[in-house]
Amino acid sequence: MNQAKNTEPSQARSFVLGLQHLLAMYSGAVAVPILIGNALHFSSEQMTYLVSIDIFMCGLATLVQLLKNRYFGIGLPVVLGCAIQAVAPLILIGQKYSIGTMYGAIIVAGIFVFLIAGVFSKIKKLFPPVVTGTLITTIGLTLIPVGIQNLGGGSPTAKDFGDPKNLIVGFVTILVIVALQAFAKGFISSISVLIGLIVGTVLAACMGMVSFTPVAQASWFHFPQFFYFGTPKFEWSSCLTMMIIALVSMVESTGVFFALGNLLGKEITEDDLKRGYRAEGLAQILGGLFNTFPYTTFSQNVGLLQLSGIRSKRPIYWAAGLLMAMGLLPKVGALVTIMPTAVLGGAMVVMFSSIAVQGIKMLLKVDFSDNHNLLIVAISMGLGLGVSVYPNIFQALPQSLQLFLENGIVIASLSSVLLNLIFKGKKGLDED
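Within any chain, residue numbers begin from 1 and follow the written order of that chain's sequence. Per-residue local features are limited, in this predicted model, to residues with pLDDT of at least 70; the limit for side-chain atom pairs, both in listing and counting, is 80 or more; totals at the level of whole chains, interfaces and linings are taken over all residues. Hydrogens and water are ignored here; the side-chain numbers use all heavy atoms of the structure.

## So, the overall build of the protein chain
Secondary structure assignment for the protein chain yields 19 helices and two strands. The globule rule used here is 2.2 Å times the number of residues to the 0.38 power, and the radius of gyration it is set against is calculated over C-alpha atoms. What you see for the protein chain is a C-alpha radius of gyration of 21 Å, in line with the 22 Å of a compact globule of 432 residues. Here the C-alpha coordinates of the protein chain stretch approximately 60 × 55 × 45 Å along the principal axes. We call two residues in contact whenever any of their non-hydrogen atoms come within 4.5 Å of each other. For the protein chain, the share of sequence-separated contacts (at least 6 apart) that also reach a separation of at least 24 residues comes to 84%. Exposure was quantified through the Shrake-Rupley algorithm and a 1.4 Å probe, taking into account, for residues, occlusion by the shown protein chains and nothing else. As displayed, the protein chain has an accessible area near 17,900 Å², and 67% of this comes from carbon and sulfur atoms. Note on conventions: DSSP H or I runs of at least 4 residues are helices, E runs of at least 2 residues are strands, and numbering of each starts at the N terminus.

## Overview of the packing of aromatic side chains
Aromatic pairs are defined between Phe, Tyr and Trp rings, using the six-membered ring for Trp, whenever the two ring centres lie within 6.5 Å; interplanar angles under 30 degrees are classed as stacked, those over 60 as edge-to-face, and all others as tilted. Tallying each qualifying case throughout the model produces seven aromatic pairs. Taking 4.6 Å as the distance between ring centres and 20 degrees as the angle between the ring planes, the aromatic pair formed by Phe226 and Phe290 counts as stacked. With Phe226 in the loop between α9 (213–217) and α10 (236–264) and Phe290 in the loop between α11 (270–289) and β2 (295–297), this pair connects stretches of sequence that are 64 residues apart. An angle of 45 degrees between the planes, with centres 6.2 Å apart, marks the rings of Phe257 and Tyr277 as tilted. You can see Phe257 sitting in helix α10 and its partner Tyr277 sitting in helix α11, a full 20 residues away along the chain. For the pair Phe257 and Tyr277, one class covers both residues: buried. Buried means the residue's accessible area, taken with a 1.4 Å probe over protein chains only, is under 20% of the maximum for its type, while exposed means over 50%, and partly exposed covers the values in between.

## Points about the packing of helix α16 (residues 371–389) against helix α18 (residues 408–424)
Two numbers describe how α16 lies on α18: the axes approach to 8 Å, and their chain directions differ by 160 degrees. By the criterion of interaxial angle, the relationship of α16 to α18 is roughly antiparallel. By crossing handedness, the relation of α16 to α18 is classed as right-handed. In this structure, α16 contributes His372, Asn373, Leu375, Ile376, Ile379, Ser380, Leu383, Gly384, Val387 and Ser388 to the contact, and α18 contributes Gly408, Ile411, Ala412, Ser415, Ser416, Leu419, Asn420, Phe423 and Lys424. Think of it as three bins: nonpolar holds Ala, Val, Leu, Ile, Met, Phe, Trp, Tyr, Cys and Pro, charged holds Asp, Glu, Lys and Arg, and polar takes everything else, Gly as well. Residues belonging to the contact of α16 with α18 are distributed by class as follows: nine nonpolar, nine polar and one charged. Fitted lines through C-alpha atoms serve as axes, helices being fitted only where they are in contact, and the angles separating the N-to-C directions of these axes extend from 0 to 180 degrees. Geometric relationships in this document are graded by angle, where less than 35 degrees denotes roughly parallel, more than 145 denotes roughly antiparallel, 65 to 115 denotes roughly perpendicular, and other angles denote oblique. By the definition used in this description, the sense in which the near helix is turned from the far one sets the handedness, with an anticlockwise turn below a right angle giving left-handed and a clockwise turn giving right-handed.

## Some details on the side chain of Thr142
Its location among the elements puts Thr142 in helix α5 (residues 129–151). What qualifies as a polar contact is a pair of N or O atoms within 3.5 Å, subject to a donor-acceptor requirement within protein and to the restriction that residues adjacent in sequence count only when both atoms come from side chains. Here the side chain of Thr142 touches Thr138 through a polar contact of 2.8 Å, landing on its backbone oxygen. Ignoring sequence-local partners within four residues, the contact set of Thr142 consists of Gly384, Leu385, Ser388 and Ile409.

## What to know about helix α15 (residues 341–363)
Residue count minus one, scaled by 1.5 Å, sets the expected span of a helix. With 23 residues, α15 should reach 33 Å at 1.5 Å per residue; the first-to-last C-alpha distance of 33 Å fits that figure. Buried residues dominate α15, accounting for 18 of its 23 residues.

Here it is as structure tokens:
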């Protein structure tokens, strides 16, 4: 992998690197509004607004996290997008109550995150290297199947899943990224993912896999509006559900923050965590006000930082700006959606694998002659991966518990923290 490049890239290069970050997260960002909008039977006009404003809010949420100050913003090169774990609960709330209730619950959850950020940041001591390494490795390993699924074409139940065309463009994307990482140098190596995505998309277009219909149908301009779908309504069980989902997102974000700190050689302090959580809470409040969704730190972009070797925030500012511009210009935003799922899946496999390897590198510093460390890693990763494969194992439990336990990353976090406390007590909290 590339060595860390701490010098500031030029604005032109930062623009290209920012575009690379945007493409890496775009599919995950638009998936949430598409899934929820379709489930709630939104009209085409409503869907156009929903996707556009969601992209705009991804950029605004990223900007809030980048702008480090005494109150909020972790100030690390992170990109924020919709929390995928919120999809099912939001659909249920929207179907059972109303769209207004859905957005009221998002606002309350955002306020909740903002208020408990200081208390939640105290958990830093619960994440020594054996826990952090386990968590980061699990994040990467649980995401790899998502990349493979996309490489096959997206939905495993689709008729064209695993179609040779999907496999060809997906693996060509991987080969281009690997070849550039192996043989290219400097800036070309740092944008290997972007080049891989472009080559894969061009090849897919030659094979008749690309349609420009979404671009033709999209409008030119769309301005964000408060309460586009109506004023928010507040129902206690819906608010409680989204507060639980917010806690799950905070646990995941903690792992991403520590992964970034490790990658940048920066210690993540309690104050850093507090500002990071507050930024996500503020982003959720804005999401509710603009009738979009909860926002959380995207882990796939950590893998991209690892591959590019660029540690500067400048490209992320460009990514935030581009996302906001695309949200205002739906026709431009639709241009990105023509990229076949299989192409994006190829890039995902490389990025998510890189996250797992980063976690393994951290675990190499752990003393595995101590059987307690061995058990912490083995059991936690086993549970985390197992739950990711079979989340319905908890289907007989109350819905509120399922929201927590069906997330493999959360299970790995809880398991590793608890086992570390059981085996090592206060001594385990003081390890470097």
